Amino acid sequence: MSLRPYLTAFGLQWKIGLRYRIAVVAGLVAQMWFGAVTLMAYASVYHAAPDVQAPLSLRQAMTYTWIQQSLFTLLPLGCLPAIGDAARTGAIVYDLLRPVDMWNWWLSASLARLLGNAVPRAVLLACVAGPLAMLVGLGAWSLAGPASLISAALALLSITLGALLSATIVMWWNILTARTLSPLGSYAVGTPLAVLLSGMLLPLPLYPDWIRPFLLAQPFAGITDIPIRIYLGTPIPGGVATGLGLQIFWLTALTLLGRLWMRQTVNRLEVQGA
Amino acid sequence: MQTPPSLTDAITVSNLRKTYRIREGGSWRGKTRDIVALDGISFSVPKGQIAGFIGPNGAGKSTAIKILSGILRPTSGEVQVNGLVPWTNRIAHVARIGVVFGQRTQLWWDLSVAEGLALLRDIYGVEPERFARNRARLADALDLGGIMDQSVRQLSLGQRMRAEIAASLIHDPDILILDEPTIGLDAPSKLAVRAFVHELCRDRGTTVLLTTHDMHDIEALAERVIVIGHGRILADSPFEDLRTTTLSERILELDFHDTPPELTLPAGAHETAREPHSLTITFDPHQIPAPALVAHVGHLPGLDDLRISRPSIDEIITRFYADHAA
């Protein structure tokens, strides 16, 4: 089996993701704004209760927030836009006519789209919230460096798994889109789930004790929360290995079940008209 | 129970059935009802033939096309295309066919035609040399030179359809499936598409399966027409046979510079319309040959002009559908 079709799908979506330069700048401004507001809220909460032993220090909460904001477009908010369009127009039949493994074909495209959106934003925001913020004297509010070199290396591995996991969840939204012939459902379900369960809204370590194990064990934690915890060096119950293990578990489980769901969907896909 | 693959047939279909289960009322607990789209059809298409596949809307054509393309799984029956079962060998099967759905686009809206073709080259794994050759040949035959670098969204419908056909052939498929390839096209574009398909079949021996509602496509291209209705094959013959068996009558139109006279007609001919200055006579050429009828009316007083015509292909097919309540 040649890899070329999948690299082609990846390349195409990567380019499409990079094309919207104004969206990158607009997104950066929005994310800086949300990040700054969240930071100020944390600062006042932490200063109001200096004696409480929080699971994250204020510096850690700030860094967590900056990384989350910079990785916002890595979240599986809905289906791949190209698949949404194809489902609406019926051009999705052509995807079935290509001599490729449908899962890998859509997965390559979905991963490329996530990375094409997220990588430039993440690099820009990290530069602004990290070194640039320190240079202009906002060091107390800036994105802090990794806990150690080992943390940095493991976090890099973990965020790679996180990107793959996110693309795999996007695959589930893609299949939902192919079944309902509309991308709307995937966004209606995907956006709130991803924003809430990834820790984007509130860092998962800051939720009440009793719910934290469940939040860590669900798949969306593996996208950004686990990599950020590893970067910060904050303890993960069971250690870093558990964090990586959870990511690999969800990646495998969602791939196997998703492939089954896809096969069943392709068998009953009845595109109207033509 | 596999039918042995034939060396000469590109497509063999036997006793193909497809039933759709639809939910009525749209609720979770709604009753389901089965709709029979294909009710046991059988046919085969030899290599290098252009077969027209026609039928009214909802007859089951699209279902059959989708099954042959490998994107729909039938309820029962056997199909072999190039010796492969489309829905069990999907990847191997689709690598050897080209498909154009006239109402859909397979090229990428945001890309130029050339970029789209290059992507298809990668998807189908076409070697660079063969790609360059095919691209040049298709660009020439389909007159794509001027639009190669335009993005697909900027193309007119006629230009886009020519690009779509090129896209479906970049990997040298043995079989080309055209689903309404001339829909919405202007006359020159239709003629260009027809001429191209004709040459493709003649020069490269590509097998073509064509569905259309434009009977002129069928008349111009198809050596054979398969008429489908209610999920069954109603006729499978050269088009001329369909004409002979369905509507073999001719029409004689007479123009007069005064009121047409009353006249007695020989057996097999009858008056079908009378206007202030013209008369239409329909006749069966087997009962009364055209020269005899012309001789019979030729001396009528005040006759200015006369024309003999055959029913149009649209009239024939309308009559055929009506006869079969299709």
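Structure first, text after, so check above.
Attention in this report is confined to the structure presented alongside it.

Calculation rules
- Residues numbered from 1 in each chain as written.
- Chains lettered and ligands numbered in written order.
- Predicted model: local features only at pLDDT ≥ 70, side-chain atom pairs only at ≥ 80, totals over all residues.
- Heavy atoms only, no water.
- Helix = DSSP H or I, 4+ residues; strand = E, 2+ residues; numbered from the N terminus.
- Buried < 20%, exposed > 50% of the residue type's maximum accessible area, 1.4 Å probe, protein only.
- Contact = heavy atoms within 4.5 Å.
- Areas by Shrake-Rupley, 256 points an atom, 1.4 Å probe, with all protein chains shown as cover.
- Lys, Arg positive; Asp, Glu negative; His and termini not counted.
- Charge placed at Lys NZ, Arg CZ, Asp CG, Glu CD.
- Buried area = accessible area lost by both parts, 1.4 Å probe.
- Salt bridge = Lys/Arg side-chain N within 4 Å of Asp/Glu carboxyl O.
- Polar contact = N/O pair within 3.5 Å; in protein donor to acceptor, adjacent residues only side chain to side chain.
- Phe/Tyr/Trp six-rings, centres within 6.5 Å; stacked < 30°, edge-to-face > 60°.
- Lys NZ or Arg CZ within 6 Å of the ring centre and 35° of its normal.
- Pairing = 2+ DSSP bridges.
- Axes fitted to C-alpha atoms, helices over the stretch in contact; angles between N-to-C directions.

### Considering the overall build of chain B
Thought 1: If you tally the helices and strands in chain B, you get 10 helices and 13 strands.
Thought 2: Among the 326 residues that make up chain B, the fraction classed as buried is 49%.
Thought 3: For chain B, the share of sequence-separated contacts (at least 6 apart) that also reach a separation of at least 24 residues comes to 69%.
Thought 4: Entry remark: accessible area of chain B is about 15100 Å², with carbon and sulfur atoms responsible for 51%.
Thought 5: When the 34 basic and 41 acidic side-chain charges of chain B are each reduced to a single mean position, those positions are 11 Å apart.

### Structural notes on the interface of chain B and chain A
Thought 1: Counting residues at the interface gives 33 residues for chain B and 27 residues for chain A.
Thought 2: For the chain B face of the interface with chain A, the top three residues by lost area are B:Ile71, B:Arg104 and B:Ile123, together amounting to 26%.
Thought 3: For the pair chain B and chain A, the number of links is one salt bridge.
Thought 4: Scanning the region where chain B abuts chain A turns up 11 residue pairs in polar contact (both at pLDDT 80 or more).

### Digging into the environment of B:Arg310
All names here are of chain B.
Thought 1: Tracing the sequence through the fold places Arg310 in the loop between strand S13 (303–309) and helix H10 (313–323).
Thought 2: The spatial distance from the C-alpha of Arg310 to the C-alpha of Arg250 is 4.8 Å, given a sequence separation of 60 residues.
Thought 3: Each residue touching Arg310, except ones within four places of it in the same chain, is listed here: Glu240, Arg243 and Arg250.

### What about the packing of aromatic side chains?
Thought 1: Under the criterion given, the structure shown has five aromatic pairs over all chains.
Thought 2: Centroid distance A:Phe10 to A:Trp14: 6.4 Å. Interplanar angle 10 degrees. Geometry classified as stacked. Highlighted residues: A:Phe10 and A:Trp14, both in helix H1 (residues 4–19), separated by four residues, approximately one helical turn.
Thought 3: Aromatic side chains B:Phe43 and B:Phe53 sit 5.5 Å apart centroid to centroid with 50 degrees between the ring planes, which places their arrangement in the tilted category. Here B:Phe43, found in strand S2 (residues 32–46), pairs with B:Phe53, found in strand S3 (residues 50–54); they are 10 residues apart in sequence, far enough to count as distant.
Thought 4: We classify B:Phe43 as buried; its relative accessible area is 6%.
Thought 5: Given the relative accessible area of 0%, B:Phe53 is considered buried.
Thought 6: In this structure, B:Arg121 is placed above the aromatic ring of B:Phe131, and the distance from its NZ or CZ to the ring centre is 5.0 Å.

### A short note on the sheet that holds strand S10 (residues 250–256) of chain B
The strands making up a sheet associate through hydrogen bonds between their backbones, and the pairing can be parallel or antiparallel.
Residue and element names in this part refer to chain B.
Thought 1: The strand order S11-S12-S10-S13 describes an open sheet built from four strands, whose pairing is antiparallel. The outermost strands of the open sheet, each flanked by one partner alone, are strand S11 (269–274) and S13. Here the strands of the sheet are splayed against their neighbours by 20 degrees on average, with no regard to which way each runs.
Thought 2: Pairing analysis gives six bridges linking S10 to strand S12 (residues 278–283), with the strands arranged antiparallel. By the bridge assignment, Glu253 is partnered in S12 with Thr280.

Functional significance is not addressed by these values, which are geometric in nature.
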